[in-house]
Amino acid sequence: MATATVVETDPSATEGGAAFSDVHNKGWDESQLRTYSFQTKPIPRLSHTDPIAEMLINNEEPVVLTDTNLVYPALKWDIDYLQENIGNGDFSVYIAENHKFLYYDEKKMTNFENFVPKSQRMEMKFSEFVDKMHKTEEMGGEERVYLQQTLNDTVGRKIVVDFLGFNWNWINKQQTKRNWGQLTSNLLLIGMEGNVTPAHYDEQQNFFAQIKGHKRCILFPPDQFECLYPYPVHHPCDRQSQVDFDNPAYEKFPNFKNVVGYEAVVGPGDVLYIPMYWWHHIESLLNGGVTITVNFWYKYTDSFVQGAPTPKRIEYPLRAHQKVAIMRNIEKMLGEALGDPHEVGPLLNMMIKGRYNQDVS
């Protein structure tokens with residue numbers, strides 16, 4: 001699979017720490033970053049007018065855009081402002097026993113009867129979330145809360161005005177010139193300091209707009225699929241890595257030793273482009289206070305991605321994300337054909353063992 005070239009502008013790498021220069025450290029310091037065992041390289045920070053930024057997005061490689069003004073009207077958002085203006089709708093709030101919020105698909109839980117989610121989703125009013133967050137902070141234990149809610153028509157008038165003031169002209173141009181599909185959602189994320197969303201990938205393009213606080217974003221290209229060991233497609237944690245970054249089980253996941261991350265810390269006004277199928281691990285900085293983010297998710301037009309239209313022609317060799325999509329489709333097809341997702345693994349092993357996992361003369 002092709003190797004990412006995203007960091008050619010800065011080839012430096014660090015092991016177990018952060019790949020940054022001091023010029024990017026405004027508002028935070030490296031003591032607020034968790035330590036991991038793998039190397040990282042910096043994601044470029046560029047003006048949206050820089051031709052290199054345009055090239056990276058065209059190549060579906062990550063870049064931090066520093067001056068889009070995409071969410072400028074929202075930079076005044078804080079907990080008090082949102083509590084006063086966001087309205088009386090219900091919000092999805094996840095409560096976890098520690099700082100890790102491993103996503104899971106509730107609809108797939110019937111496939112794995114013994115699966116126990118590490119976080120629980122609750123619906124509550126915004127004021128209830130704020131009370132819960134403050135009480136959790138006061139208790140000082142391991143428990144954490146994380147609001148993750150699609151912005152919808154229940155929000156108050158001032159939030160609507162702010163939303164309409166986003167730089168839709170710029171982002172609509174990004175969508176149109178790359179022939180992306182429709183905007184599927186704007187996800188509002190409000191997290192406590194130290195919250196972590198473990199490594200996973202999405203099947204959509206994402207402009208990740210930071211509004212309040214700082215987040216560290218570690219990305220891995222699709223060609224590192226075999227290093228990150230995603231759960232099976234039919235598992236509730238589909239698209240999530242099985243590897244615990246804090247305590248990697250190398251005997252179970254030996255290829256994780258070869259993983260290399262690409263990272264950036266984003267602050268208010270920064271927009272990180274997260275390409276479809278790029279793995280991303282996101283953490284609110286330690287002792288950094290509450291963080292607020294809005295995602296802009298777009299469908300993608302690719303014949304290998306489920307629901308996408310068929311292009312006039314397919315170009316070879318295939319790109320890494322297309323191969324990941326093919327693998328996903330094979331798993332889904334086998335699960336449907338066999339009638340039991342638990343039979344997919346044994347069948348694939350029977351197909352491969354002694355036939356495709358060694359040289360055949």
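Only a predicted model underlies this, so the values are computations on that prediction, with no experimental measurement involved. Positions within a chain are numbered from 1, following the residues in the order the chain's sequence is written. At least 70 in pLDDT is required for a residue's local features to be given in this predicted model, at least 80 for side-chain atom pairs to be given and counted, and no such filter applies to totals for whole chains, interfaces and linings, which use all residues. Side-chain numbers come from the whole structure's heavy atoms, not from hydrogens or water.

Enquirer: So what exactly am I meant to see when it comes to the sheet that holds strand β7 (residues 144-150) here?
Expert: Hydrogen bonds between backbone atoms are what pair the strands of a sheet, whose relative direction is either parallel or antiparallel. Pairs of strands are assigned from DSSP output, requiring at least two bridges between the strands. Put simply, DSSP marks the helices as runs of H or I at least four residues long and the strands as runs of E at least two long, and each gets a number from the N terminus on. Taking strand neighbours across the sheet as the criterion, the nine strands line up as β3-β4-β13-β10-β15-β8-β7-β5-β6 in an open arrangement whose pairing is mixed. Looking along the sheet, the strands with just one partner apiece sit at the ends: β3 (45-46) and β6 (119-124). Pairing of strand β8 (residues 183-191) with strand β15 (residues 291-298) involves eight bridges; the strand directions are antiparallel. By the bridge assignment for β15, Leu-183 is matched with Tyr-298.

Enquirer: When you look at the pattern of salt bridges in this model, what are you seeing that I'm missing?
Expert: It is possible for side chains bearing opposite charge to pair when their charged atoms get close. The term salt bridge refers to a side-chain nitrogen of Lys or Arg lying within 4 Å of a carboxyl oxygen of Asp or Glu. In this structure the tally under the stated criterion is 16 salt bridges. Ionic pairing is found between Glu-54 and Arg-178, a salt bridge with its closest N-O pair at 3.4 Å. Of this pair, Glu-54 sits in helix α1 (residues 51-58) while Arg-178 is found in the loop between α5 (168-177) and β8, placing the two residues 124 residues apart along the sequence. Of the residues examined, Glu-54 reaches a relative accessible area of 25% and is grouped as partly exposed. A relative accessible area of 13% means that Arg-178 is categorised as buried. Notably, a salt bridge pairs Lys-125 with Asp-90, separated by 3.0 Å at the nearest N-O pair. Placement of Lys-125 in the loop between β6 and α3 (126-139) and of Asp-90 in the loop between α2 (79-85) and β5 (91-96) is noted, with a sequence separation of 35 residues between them. Overall, the relative accessible area of 26% leaves Lys-125 in the partly exposed class. A simple rule labels every residue: compare its accessible area, found with a 1.4 Å probe on the protein chains alone, to the largest value its type can have, and call it buried under 20%, exposed over 50%, or partly exposed in between. Residue Asp-90 is classed as partly exposed on the basis of its relative accessible area of 44%. Through salt bridges with shared partners, one network takes in Lys-108, Glu-203, Asp-238 and Arg-328.

Enquirer: I'm lost on the environment of Asn-172 in this one. Help?
Expert: On the secondary structure map, Asn-172 appears in helix α5. Residue Asn-172 is classed as partly exposed on the basis of its relative accessible area, which comes to 34%. Sequence separation of Asn-172 and Gln-182 is ten residues, and the distance between their C-alpha atoms is 9.8 Å.

Enquirer: What is the right way to look at unusual backbone geometry in this model?
Expert: Excluding glycine, residues mostly have negative phi values, and the peptide bonds linking residues are mostly trans. That bond from Tyr-316 to Pro-317 is cis: its omega, 0°, falls within 30 degrees of zero. In this structure, Pro-317 sits in the loop between β15 and α7 (320-338). If you check the backbone angles, Asn-179 has positive phi at about 60° while not being a glycine. Mapping Asn-179 onto the fold places it in the loop between α5 and β8. Residues other than glycine seldom take positive phi values, yet Arg-239 does so here, at roughly 75°. With respect to the secondary-structure elements, Arg-239 resides in the loop between α6 (225-228) and β12 (260-266).

Enquirer: What should I look at first to understand the confidence of the model for the protein in this one?
Expert: Mean pLDDT over the protein stands at 92; residues scoring 70 or higher make up 90%. Low pLDDT, under 50, characterises residues 7-11; the stretch is placed with six contacts to residues that sit more than four places away or in other chains. pLDDT is defined as a per-residue confidence score from the predictor, taking values between 0 and 100. The contact criterion used is simple: two residues touch if any of their non-hydrogen atoms lie within 4.5 Å.

Enquirer: What should I look at first to understand the packing of α7 against helix α8 (residues 344-352) in this one?
Expert: Any two packed helices are characterised by the angle at which their axes cross and by the distance between the axes. Axes here refer to lines fitted to C-alpha atoms; in helices the fit is confined to the stretch in contact. Angles between the N-to-C directions go from 0 to 180 degrees. In contact at an axis separation of 10 Å, α7 and α8 are set at 110° when each is read in the N-to-C sense. One finds that α7 runs roughly perpendicular with respect to α8. Seen from above, α7 lies across α8 with right-handed handedness. Residues Glu-331, Leu-334, Gly-335 and Leu-338 of α7 pack against Val-344, Leu-347 and Leu-348 of α8. What sets the label is the angle itself: under 35 degrees gives roughly parallel, over 145 gives roughly antiparallel, 65 to 115 gives roughly perpendicular, and the rest give oblique. Left-handed is the label given to a crossing in which the near helix is rotated counterclockwise from the far helix by less than a right angle, and right-handed is the label when the rotation is clockwise.

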